[in-house]
Amino acid sequence: MDIDTAHRISATVDAVRARVGARVPSIGVVLGSGLGAFGDTLTGPKIAYSELPNMATSKVVGHAGNLCFGDVGGVSVVCMQGRVHYYEGHSIDAVVHGVRTMARLGVRAVLITNAAGGVESTWSAGDLMVITDHLNLAGASPLIGPNDASLGPRFPDMTEAYDPELRQMLREVARDEKVPLREGIYAWLTGPTYETPAEVRMVRGLGAQAVGMSTVPEVVALRHMGVRVGALSCITNLAAGIGGQKLDHAEVEATARSRREDLLRLLRGWIMKAGA
Ligand code: HPA
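Described below are features of the structure shown in this document. (Residues numbered from 1 in each chain as written. Predicted model: local features only at pLDDT ≥ 70, side-chain atom pairs only at ≥ 80, totals over all residues. Heavy atoms only, no water.)

Examining the overall build of the chain
Helix and strand counts for the chain stand at 9 helices and 9 strands. Its C-alpha atoms give the chain a radius of gyration of 17 Å, within 12% of the compact-globule value 19 Å for 276 residues. Summarising its shape, the C-alpha atoms of the chain cover approximately 50 × 40 × 35 Å along the three principal directions. Counted over contacts in the chain with a minimum sequence separation of 6, partners at least 24 positions apart contribute 83%. Split by element, the accessible area of the chain, about 11000 Å² in all, is 52% carbon and sulfur. On the chain, the mean spot of the 27 positive side-chain charges and the mean spot of the 28 negative ones are 3 Å from each other. (Helix = DSSP H or I, 4+ residues; strand = E, 2+ residues; numbered from the N terminus. Rg over C-alpha atoms; globule rule 2.2 N^0.38 Å. Contact = heavy atoms within 4.5 Å. Areas by Shrake-Rupley, 256 points an atom, 1.4 Å probe, with all protein chains shown as cover. Lys, Arg positive; Asp, Glu negative; His and termini not counted. Charge placed at Lys NZ, Arg CZ, Asp CG, Glu CD.)

Put into structure tokens, the structure is as follows:
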């Protein structure tokens, strides 16, 4: 964070409000690789990131760049359809600018999704996992630098970073919708290479069940601002050395897309419970 972060957020929030009026969304959603379909189900205003000051745009295939507004069962939602990643060369401040903007728009909770590699040999591509905790192995944090106390404290607590109540809500929705749901710890490495088999053995030894290139900085920035967070991984592949096959982004995206219907049902149900 730097001393201009709060001003940059305000500029984006003002530009969004100029487009959507004074509506205050209660739930924010972040859609990961191949998981953007939910954004297209929202019928409110849709603003391209490129139309907003300070919002970086992802060049990664499978990531649109729209801030979508809508209503799910009476719950007002703002959704980031596509995110930018640290490995794209954006500053870590730019990586979390979208979620900080949603926080300032007034959301009470943010539900984050991502595509991730599975570290457990008994899991399968296509499994869905509620994140219970994370390992930040990227050596980066959006809070490094001077702290702006108007956003949050210098030393945020991370004991229950992934809100237990939101996790329970997702488990209940999964049970009601009959969608199998795993749970586990997500390790963040910067990418953009997929991990080596040795790195995957390392994160497994450290207790992770999934590995990926996003989410953790967003969670850190949101917890700093006191926003509740829930997160869901689509295990798009077994991580390097676990499944034996080589990894490829097209397959990651295709697997994420193949879980579209279940993901839509889980997200809708989760939003209705979280926003109630
Ligand atoms: N590793 C890191 N990120 C990922 C993977 C993976 O295996 N699959 C999807 N995103």
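Back to the text.
Some words on a nonpolar patch on the surface
Residues Leu137, Met202 and Leu206 make up a contiguous nonpolar surface patch of roughly 250 Å² in combined accessible area. The topology assignment puts Leu206 in the loop between α6 (197–205) and β8 (210–212). Accessibility expressed as a relative area gives 46% for Leu206, which makes it partly exposed. (Patch = residues over 30% accessible without salt bridge, like charges linked within 9 Å, V, L, I, M, F, W, Y side chains within 5 Å. Salt bridge = Lys/Arg side-chain N within 4 Å of Asp/Glu carboxyl O. Buried < 20%, exposed > 50% of the residue type's maximum accessible area, 1.4 Å probe, protein only.)

Some points on the site of the ligand
Around the ligand, the neighbouring residues are Ala115, Ala116, Gly117, Tyr194, Glu195, Val211, Gly212, Met213, Thr236, Asn237, Leu247 and Val252. Here a nitrogen atom of the ligand and a backbone polar atom of Gly117 are 3.4 Å apart. Within the side chain of Asn237, an N or O atom sits 2.7 Å from a nitrogen atom of the ligand. Coverage of the ligand by the protein chains reaches 95% of its 260 Å² of free accessible surface. Contributing elements (two or more residues each) for the shell around the ligand: β5 (109–118), β8 and β9 (228–238). The biggest single contributor to the shell around the ligand is β5, with 3 residues. Classifying every residue of the shell around the ligand gives 7 nonpolar, 4 polar and 1 charged. (Near = heavy atom within 4 Å. Polar contact = N/O pair within 3.5 Å; in protein donor to acceptor, adjacent residues only side chain to side chain. Nonpolar A, V, L, I, M, F, W, Y, C, P; charged D, E, K, R; others polar.)

Description of the side chain of His224
When you line up the elements, His224 lands in helix α7 (residues 216–224). By relative accessible area, which is 2% here, His224 ends up buried. One polar contact links His224 to Asn147, side chain to side chain, over a distance of 2.9 Å.

Description of unusual backbone geometry
That bond from Gly191 to Pro192 is cis: its omega, 5 degrees, falls within 30 degrees of zero. Mapped onto the secondary structure, Pro192 falls in the loop between β7 (182–188) and α6. The phi angle at Asn54 is positive, at roughly 75 degrees, despite the residue not being glycine. If you trace the backbone, Asn54 turns up in the loop between β2 (46–48) and β3 (66–72). For Asn54, a relative accessible area of 36% translates into the label partly exposed.

As for the environment of Gly244
Topologically, Gly244 is positioned in the loop between β9 and α8 (249–258). Looking at Gly244, the relative accessible area reads 67%, which means it is exposed. As a C-alpha pair, Gly244 and Pro197 span 47 residues in sequence and 9.6 Å in three-dimensional space.

Side note on helix α5 (residues 164–177)
The end-to-end C-alpha distance of α5 is 20 Å, a good match for the 20 Å that 14 residues give at a rise of 1.5 Å each. Within α5 the residues assigned to the buried category are Leu166, Arg167, Met169, Leu170, Val173 and Ala174. Mapping the buried residues of α5 onto a view down its axis gives an arc of 160 degrees, with all of them on the same face. Taken together, the buried residues of α5 touch β5, β6 (128–136), β9 and α9 (260–274). Lys178 lies just past α5 and shows a positive phi near 60 degrees. (Expected span 1.5 Å × (residues − 1). Arc of directions from axis to C-beta.)

So, the environment of Val203
Position of Val203 relative to the elements: it lies in helix α6. A relative accessible area of 0% means that Val203 is categorised as buried. Each C-alpha atom of the pair Val203 and Gly241 lies 12 Å from the other, and the pair is 38 residues apart in sequence. With sequence-adjacent residues up to four places away left out, Val203 is seen in contact with Val119, Leu137, Ala187, Leu189 and Ala208.

Shape descriptors only; they carry no functional weight alone.
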